[in-house]
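# Tertiary structure, described
Chain by chain, the residues run as shown.
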Amino acid sequence: MGILLDEAPYILEKMPGGGIIITSADWLINWSRANSLWPLTFGLACCAFEMISTNMSKYDLDRFGVFPRPTPRQADLIFVAGTLTKKIAPKLKKLYDQMGEPKYVISMGSCSNTGGPFYDSYSVVKGVDKVIPVDVYVAGCPPRPENLIEGILKLQEKIKKDTIKNNDRAQIFK
Amino acid sequence: MTEPRYLNDIKGKFPGTEAVLPEKIKDGIPAFDCPPSLILDIVKYLKAEGFNYLMNLCATDYKDTFEVIYHLSALESKAKITLKVKINREKPELASITPLHPGANWQEREAFDLLGVVFTGHPNLTRILLSCDWEGYPLRKDYSRKPDQYD
């Protein structure tokens, strides 16, 4: 085997009303996961407005299949946008735990990456990765919508390299 | 422009009240250093004189003492006045003005939360910004932060 792993499937034989394609399970699963990332929006500070702007019609995240959800039960991805304080950190952990597998995290902006300008503060968590695992860090203070879109594309690349073998995230065939 | 009556009356009515020297005032608002025991009476008197709006209430740490600062304003005459109260750092207690100005409720809770100033007579003096189990008062100059799991 090992054929057709990296390229899109094409129609081998045409039939009335459709055709026959061959592909790997990896490709099909990763393709569907990468193109329907539904994010739980977790806006905490000024980065939230860049995230909102990215979702709105000018930058239109819908064309990447990214469609904001209000509840963790329907979300595959969480945008942590803004300053994470120690008071809200347990709530972020709870929301992350409520999301179904597979789940991904994009940390948006300096504050959620490292604490940013509030690094010496008594009340700010020095990076979201102290609380939940992060897949993509988007730099900027705040990042422009283009930066966030680049982060989403990087996450899609990462998902497309995933395999169902030896994957501790989602072991659907075990 | 003649000087308003209350600026002279306040010193006569409340002994111990001192006007802050004009060269120390940068914003042009008349300011008074008040004794802690009289602050509720002074605010009550000023409210009767038309100062019916509390613009701001904050506390400061000067290492040897705390200072609580009240900015009052009269909505009718547009006059403004500043009251400064120095309180003992070891036992920071002061009368709450929430019964007179309900807007002081959260401001006093904030000063209690971050500096530990206890406002006696406040209806609900609990932490407002930090979590309930926080130890210490982080805006005090001698506050030392203990690293926790988020550092």
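Just above, that's the structure.
Nothing here was measured: the structure is a model prediction, and the numbers come from that model. (Residues numbered from 1 in each chain as written. Chains lettered and ligands numbered in written order. Predicted model: local features only at pLDDT ≥ 70, side-chain atom pairs only at ≥ 80, totals over all residues. Heavy atoms only, no water.)

### Some words on the interface of chain A and chain B
The accessible area lost on association of the parts is a frequent measure of interface size. Note the following rule: Pairs of residues are marked as contacts when any of their non-hydrogen atoms sit within 4.5 Å. Put simply, buried area is how much 1.4 Å-probe accessible surface two parts lose in total, over both of them, once they are put together. We define a salt bridge as a side-chain nitrogen of Lys or Arg found within 4 Å of a carboxyl oxygen belonging to Asp or Glu. Distance and chemistry together define a polar contact, namely a pair of N or O atoms within 3.5 Å, with one atom able to donate a hydrogen and the other to accept it when in protein, and with adjacent residues in sequence counting only for side-chain atoms on both sides. Nonpolar residues are Ala, Val, Leu, Ile, Met, Phe, Trp, Tyr, Cys and Pro. Charged residues are Asp, Glu, Lys and Arg, and all others, Gly as well, are polar.
Opposite the twelve residues of chain A that make contact, chain B presents 14 residues. For the pair chain A and chain B, the two sides together bury roughly 1000 Å², of which 61% comes from carbon and sulfur. On the chain A side of the contact with chain B, K86(A), K87(A) and Y122(A) bury the most area, a combined 62% of that side's loss. Counting across the chain A and chain B interface gives one salt bridge. In this structure, K86(A) engages D148(B) in a salt bridge whose closest nitrogen and oxygen atoms are separated by 3.4 Å. Linking chain A to chain B there are three residue pairs in polar contact (both at pLDDT 80 or more). Within the side of chain A that touches chain B, the residues separate by chemical class into five nonpolar, two polar and five charged.

### Looking at the packing of helix 1 (residues 25-34) of chain A against helix 5 (residues 145-160) of chain A
Residues and elements named next belong to chain A. Applicable threshold: Only the stretch in contact is used when fitting a helix axis, every axis being a line fitted to C-alpha atoms; angles between N-to-C directions are given from 0 to 180 degrees. Secondary structure elements are taken from DSSP: a helix is a run of H or I of four residues or more, a strand is a run of E of two residues or more, and numbering for both begins at the N terminus. Oblique is the label for any angle not under 35 degrees, not over 145, and not in the 65 to 115 range, which are roughly parallel, roughly antiparallel and roughly perpendicular in turn. Crossing handedness is read from the near helix: turned anticlockwise from the far helix by less than a right angle, it gives a left-handed crossing, and turned clockwise, a right-handed one.
Interhelical geometry of helix 1 versus helix 5 gives an angle of 160° and a closest axis separation of 9 Å. The orientation of helix 1 relative to helix 5 falls into the category roughly antiparallel. With respect to the hand of their crossing, helix 1 and helix 5 are arranged in right-handed fashion. Residues N30, R33 and A34 of helix 1 touch helix 5, and the partners they reach there are Q156, I159 and K160. Looking at side-chain class alone, the contact of helix 1 with helix 5 contains two nonpolar, two polar and two charged residues.

### Topic: the state of the cysteines
In plain terms, the rule: Criterion for a disulfide: a pair of cysteine sulfur atoms within 2.5 Å.
For the structure shown, the criterion picks out zero disulfides over all chains. Take C34(B): it sits in no disulfide, and the sulfur closest to it among the cysteines is that of C58(B), at 14 Å.

### Description of the nonpolar core
What counts is decided by this rule: Note on terminology: a nonpolar core comprises buried Ala, Val, Leu, Ile, Met, Phe, Trp, Tyr and Cys residues joined through side-chain atoms within 4.5 Å. Per-residue accessibility, obtained with a 1.4 Å probe over protein chains only, is compared with the maximum for each type, and a residue is labelled buried under 20%, exposed over 50%, and partly exposed between these values.
Within the largest apolar cluster, 34 residues are counted, with the highest numbers of intra-cluster contacts made by L46(B), V68(B), Y70(B) and L83(B). Top contributing element to this core by residue count: helix 2 (residues 39-48) of chain B, with five residues.

### Details of the packing of helix 2 (residues 47-55) of chain A against helix 5 of chain A
Helix packing for two helices is described by the angle between their axes and how far apart those axes are. Residues and elements named next belong to chain A. Between helix 2 and helix 5, the shortest axis-to-axis distance is 9 Å and the interhelical angle comes to 75°. Our classification of the angle between helix 2 and helix 5 gives roughly perpendicular. Contacts from E50, M51, S53 and T54 in helix 2 reach P145, L148 and I149 in helix 5. Considering only residue class, the contact of helix 2 with helix 5 consists of four nonpolar, two polar and one charged.

### Comments concerning the packing of aromatic side chains
Short version of the rule: Pairing of aromatic rings covers Phe, Tyr and Trp, the last through its six-membered ring, and needs centres within 6.5 Å; plane angles under 30 degrees mean stacked, over 60 mean edge-to-face, and all others mean tilted. In this scheme, the term charge over a ring applies when either NZ of a lysine or CZ of an arginine sits within 6 Å of the ring centre and within 35 degrees of the ring normal.
Counting across every chain of the model gives seven aromatic pairs over all chains. Between W38(A) and F67(A) the ring centres are 6.1 Å apart and the planes differ by 70°, which places this aromatic pair in the edge-to-face class. Of this pair, W38(A) sits in the loop between helix 1 and strand 3 (39-43) while F67(A) sits in the loop between helix 2 and strand 4 (77-81), and the two are 29 residues apart along the sequence. On the basis of relative accessibility, which here comes to 32%, the residue W38(A) falls in the partly exposed class. Centroid distance F14(B) to Y45(B): 5.7 Å. Interplanar angle 65°. Geometry classified as edge-to-face. Within this pair, whereas F14(B) is found in the loop between helix 1 (5-13) and strand 1 (18-19), its partner Y45(B) is found in helix 2, the two being separated by 31 residues in sequence. According to the relative accessible area criterion, F14(B) is buried, its value standing at 10%. Look at Y45(B) and you get buried, because its relative accessible area is 11%. The rings of Y122(A), W134(B) and Y143(B) are connected pair by pair, giving a single aromatic cluster. Above the face of the Y96(A) ring, K103(A) is positioned so that its terminal group lies 4.3 Å from the ring centre.

### Quick word on the sheet that holds strand 5 (residues 80-88) of chain B
Residue and element names in this part refer to chain B. Definition in use: Strand pairing is defined by DSSP finding a minimum of two bridges between the two strands.
Here we have five strands laid out as an open sheet, ordered 1-2-5-4-3, and mixed in their pairing. For this open sheet the edge positions go to strand 1 and strand 3 (53-61), each flanked by a neighbour on one side alone. When strand 1 meets strand 2 (residues 31-34), the two strands line up antiparallel, connected through two bridges. Within strand 2, the residue paired with A19 across the bridge is F32. Packing of helix 3 (residues 104-115) onto the sheet brings it into contact with strand 3 and strand 4 (65-73), and relative to strand 3 it is tilted by some 5°.

### Structural notes on the pattern of salt bridges
Two side chains of opposite charge can pair, provided their charged atoms sit close to one another. Under the criterion given, the structure shown has eleven salt bridges over all chains. For K158(A), the salt bridge is made with D135(A), and the minimal N-O distance between the two is 2.9 Å. With a gap of 23 residues between them, K158(A) in helix 5 and D135(A) in the loop between helix 4 (110-114) and strand 6 (136-138) connect regions that are remote in the sequence. With a relative accessible area of 40%, K158(A) lands in the partly exposed category. The buried category is assigned to D135(A), whose relative accessible area is 13%. The partner of R127(B) in a salt bridge is D113(B), with the nearest N and O atoms 2.6 Å apart. Remark: D113(B) occurs in helix 3 and R127(B) occurs in the segment after strand 7 (118-120); sequence separation between them is 14 residues. Here the two residues R127(B) and D113(B) agree in accessibility, since each one is buried.

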